[in-house]
Amino acid sequence: MSDPHEEHWREYRRVYWRSMGLTVAFFFGGGILSSVLSAAFRAPWVFPLAFVPFVLATIWVSQEPMRWPCPQCGEPFFSTWWYHNAFTKKCLHCGLPKG
Ligand SMILES: [Zn+2]
């Protein structure tokens, strides 16, 4: 018997891996760019100033999988208003197993 939410979970995995790829790219890209700019300008404030946009971008791309809605109840699958668990195997609202 096929999972009625299979397409939903396929889309979640696509969003999750895109987020992970962008996080790694932003981490290394931000580090490399910040190092290059620090070497070019030779000022201690350049590295953190150049790295902050990449940190903010990483936080931004991580929001979509963190707030992914449950296909059964529509609530965020991995979080409640006070709690977040990215490793849960069941919806934190209705208990639907992760597909
Ligand atoms: Zn649910």
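Residues numbered from 1 in each chain as written. Predicted model: local features only at pLDDT ≥ 70, side-chain atom pairs only at ≥ 80, totals over all residues.

When its secondary structure is counted, the protein chain shows 2 helices and 0 strands. Over its C-alpha trace the protein chain gives a radius of gyration of 18 Å, far above what one expects of a compact globule, namely 13 Å for 99 residues. Summarising its shape, the C-alpha atoms of the protein chain cover approximately 60 × 30 × 15 Å along the three principal directions. For the protein chain, the proportion of its 99 residues judged to be buried stands at 6%. Restricting the contact set of the protein chain to residue pairs at least 6 apart, pairs at least 24 apart contribute 40%. (Helix = DSSP H or I, 4+ residues; strand = E, 2+ residues; numbered from the N terminus. Rg over C-alpha atoms; globule rule 2.2 N^0.38 Å. Buried ≥ 20, exposed ≤ 12 C-beta atoms within 10 Å, placed from the backbone. Contact = placed C-beta atoms within 7 Å.)

Geometry of a packed helix pair, given as the angle between the helix axes and the separation of the axes. In the contact formed by helix H1 (residues 6–41) and helix H2 (residues 46–66), the axes pass within 8 Å of each other and the chain directions differ by 175°. Taken together, the axes of H1 and H2 are roughly antiparallel relative to one another. (Axes fitted to C-alpha atoms, helices over the stretch in contact; angles between N-to-C directions. Parallel < 35°, antiparallel > 145°, perpendicular 65-115°, else oblique.)

In this section: H1. Taking 1.5 Å of rise per residue, the 36 residues of H1 would be expected to cover 52 Å, and the 51 Å separating its terminal C-alpha atoms lies within 8% of that figure. One or two positions beyond H1, positive phi appears at Arg 42, with a value near 50°. (Expected span 1.5 Å × (residues − 1).)

Note that every value here comes from positions in space, so none of it alone points to a role or purpose.
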